[in-house]
Amino acid sequence: MYQVYKNIFPAVHQELERWIELAKAIPDEELRTQALASIEEKTFHCEGGAIYSVLAGNEAREAIRFIVAYQTISDYLDNLCDRSTSMDPEDFRMLHQSMTDALTPTNETKDYYRYREEKNDGGYLHQLVKTCQDVLGKAEGYEMVGDYTLKLGSLYSDLQVHKHVIEEERIPRLQQWFEMHRKEWPELKWYEFSACTGSTLGIFCLVSYTLGGRIDHSLAAQVERSYFPFMQGLHILLDYYIDQDEDELEGDLNFCAYYEHEDQMKKRFKYFVERTHHEIKKLPDPAFHQMIHEGLVGMYLADRKVGKLQNAKSFVKDMLKSSGKKATFFYYNTKIYHRLKPGREL
């Protein structure tokens, strides 16, 4: 954690400063507003993702450059779709083509705003895409992981399209989408599968191992199995857990709302914790992945929003107990971090 606070977070903020300056120069007011808001409100996504740069060894700075750019695309598009002037799935699909292109160094950039009124971002989204392509284009061995990053990226994009359309179409679309994958993951519910697709952690892990010169076909396949669905699912379910009150107030989709009762939700969260713990043991650097796993639990449950949730104390206590000692360490460490950085969410 000392290295994270001393080296990784400052490097993340340095990268973000560059994107903030470019975002400030976006000519279109709506695009500028959403680009700046996405960085201001979601810096912690880049901070958390950048911890994977440890796996990149001497190329850690390049890993941070990729992770910050890719996560910034994700957060920016999420804002554009969430607070959108459009409800058009074709528009959402075209916007998210940028994430596919970012993972494919040979792809040309496109007119990602083709189906929406706001178009002039001064090249902001193209610059983000090209930064990702630049890092991956120079990463030796990326051809071994490209299929895996594109698969995870494609699932992520599908989710963003389905969950942002008009309200009455969202659930039917998500359920129909899950039917296409149910055979592979029969133990999941449609809303759990959706949550599993909403994380970028597997991509960051694959890219960091590649930049560190440690990737081969076997490791690439194992990273995908170890991260998808359970590690990624745990990540996003925790994210939805802390946002329950906020999403209810704003009328936003929240996957935690589909559990029949709190005991069922707690039981399923514990199941995700256990399955994640089992899967990451199969990876090299298991202690690192275990740290991420337990860190996710501790850091999310320490979020200020949790204190406002019904039965939060009991839920937090049970989850920390199920997750291991490091989860409790991260929980208290994050609480202290919040106190030292008033007004800032981690």
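Since we're looking at a predicted model, the values are computed, not measured.

**Student:** What's the story with the overall build of the protein chain in this structure? I'm lost.
**Tutor:** Counting its regular elements, the protein chain contains 15 helices and zero strands. Here the C-alpha atoms of the protein chain give a radius of gyration of 19 Å, agreeing with the 20 Å that 2.2 N^0.38 yields for 346 residues. By its C-alpha atoms, the protein chain is 50 × 50 × 45 Å across when sized along the principal axes. By residue count, 58% of the 346 residues in the protein chain fall in the buried class. Pairs at least 24 apart in sequence give 74% of the contacts found in the protein chain among residues at least 6 apart.

**Student:** I'm lost on the packing of helix 4 (residues 89-102) against helix 6 (residues 146-164) in this one. Help?
**Tutor:** How two helices pack is summed up by the angle between their axes together with the distance between the axes. Across the interface, helix 4 lies against helix 6 with an axial gap of 9 Å and an inter-helix angle of 155°. With respect to their mutual orientation, helix 4 and helix 6 come out roughly antiparallel. Considering how the two elements wind past one another, helix 4 and helix 6 form a crossing that is right-handed. From helix 4, Pro-89, Phe-92, Arg-93, His-96, Met-99 and Thr-100 reach across to helix 6, where they touch Leu-150, Tyr-156, Ser-157, Asp-158, Gln-160, Val-161 and His-164. Looking at the contact of helix 4 with helix 6, its residues break down into six nonpolar, five polar and two charged.

**Student:** Would you mind showing me how to read helix 9 (residues 201-211) here?
**Tutor:** Since the α-helix packs 3.6 residues into each turn, any two residues three or four apart lie on the same face. Judged by how many residues are buried, helix 9 sits mostly within the fold: eleven of eleven residues are covered. Within helix 9, burial applies to Leu-201, Gly-202, Ile-203, Phe-204, Cys-205, Leu-206, Val-207, Ser-208, Tyr-209, Thr-210 and Leu-211. Buried residues belonging to helix 9 abut helix 2 (29-50), helix 3 (60-82), helix 5 (124-137), helix 6, helix 10 (217-242) and helix 13 (286-301). Immediately beyond the C-terminal end of helix 9, within one or two residues, lies Gly-213, with a positive phi of roughly 75°.

**Student:** When you look at helix 10 in this model, what are you seeing that I'm missing?
**Tutor:** For helix 10, with 26 residues, the first-to-last C-alpha span of 36 Å sits near the 38 Å given by 1.5 Å per residue. At Phe-228, helix 10 shows its maximal bend, which comes to roughly 45°, and the proline Pro-229 appears one to four places after that position. Here helix 10 starts with a cap whose side-chain oxygen sits 3.1 Å from the backbone nitrogen of Ser-218, and that cap is Asp-216.

**Student:** Looking at this structure, I do not really get the packing of aromatic side chains. What am I missing?
**Tutor:** Each aromatic ring pair is described using two quantities: the centre-to-centre distance and the angle formed by the ring planes. The full count for this structure, using the stated rule, is 28 aromatic pairs. Ring geometry for Tyr-191 versus Tyr-259: centroids 5.1 Å apart, planes at 85°, classification edge-to-face. Placement of Tyr-191 in helix 8 (residues 190-197) and of Tyr-259 in the loop between helix 11 (244-250) and helix 12 (262-280) is noted, with a sequence separation of 68 residues between them. Ring geometry for Tyr-241 versus Phe-315: centroids 4.1 Å apart, planes at 15°, classification stacked. Of this pair, Tyr-241 sits in helix 10 while Phe-315 sits in helix 14 (residues 312-323), and the two are 74 residues apart along the sequence.

**Student:** Mind showing me how you'd approach the environment of Arg-304 here?
**Tutor:** Structurally, Arg-304 can be placed in the loop between helix 13 and helix 14. Separated by 291 residues in sequence, Arg-304 and His-13 have C-alpha atoms that sit 22 Å apart.

**Student:** Help me understand the packing of helix 13 against helix 14 in this model?
**Tutor:** The contact between helix 13 and helix 14 brings their axes to 10 Å, and the two run at 170°. Taken together, the axes of helix 13 and helix 14 lie roughly antiparallel to each other. The segment helix 13 lies against helix 14, with Gln-290, Glu-294, Val-297, Gly-298 and Leu-301 engaging Phe-315, Val-316, Met-319, Leu-320 and Ser-323. Taken together, the residues of the contact of helix 13 with helix 14 sort by class into six nonpolar, three polar and one charged.

Rules behind the numbers
- Residues numbered from 1 in each chain as written.
- Predicted model: local features only at pLDDT ≥ 70, side-chain atom pairs only at ≥ 80, totals over all residues.
- Heavy atoms only, no water.
- Helix = DSSP H or I, 4+ residues; strand = E, 2+ residues; numbered from the N terminus.
- Rg over C-alpha atoms; globule rule 2.2 N^0.38 Å.
- Buried < 20%, exposed > 50% of the residue type's maximum accessible area, 1.4 Å probe, protein only.
- Contact = heavy atoms within 4.5 Å.
- Axes fitted to C-alpha atoms, helices over the stretch in contact; angles between N-to-C directions.
- Parallel < 35°, antiparallel > 145°, perpendicular 65-115°, else oblique.
- Left-handed = near helix turned anticlockwise from the far one by under 90°.
- Nonpolar A, V, L, I, M, F, W, Y, C, P; charged D, E, K, R; others polar.
- Expected span 1.5 Å × (residues − 1).
- Bend = angle between axes of the 7 residues up to and from the residue.
- Polar contact = N/O pair within 3.5 Å; in protein donor to acceptor, adjacent residues only side chain to side chain.
- Phe/Tyr/Trp six-rings, centres within 6.5 Å; stacked < 30°, edge-to-face > 60°.

Distances and angles like these do not, on their own, reveal function.
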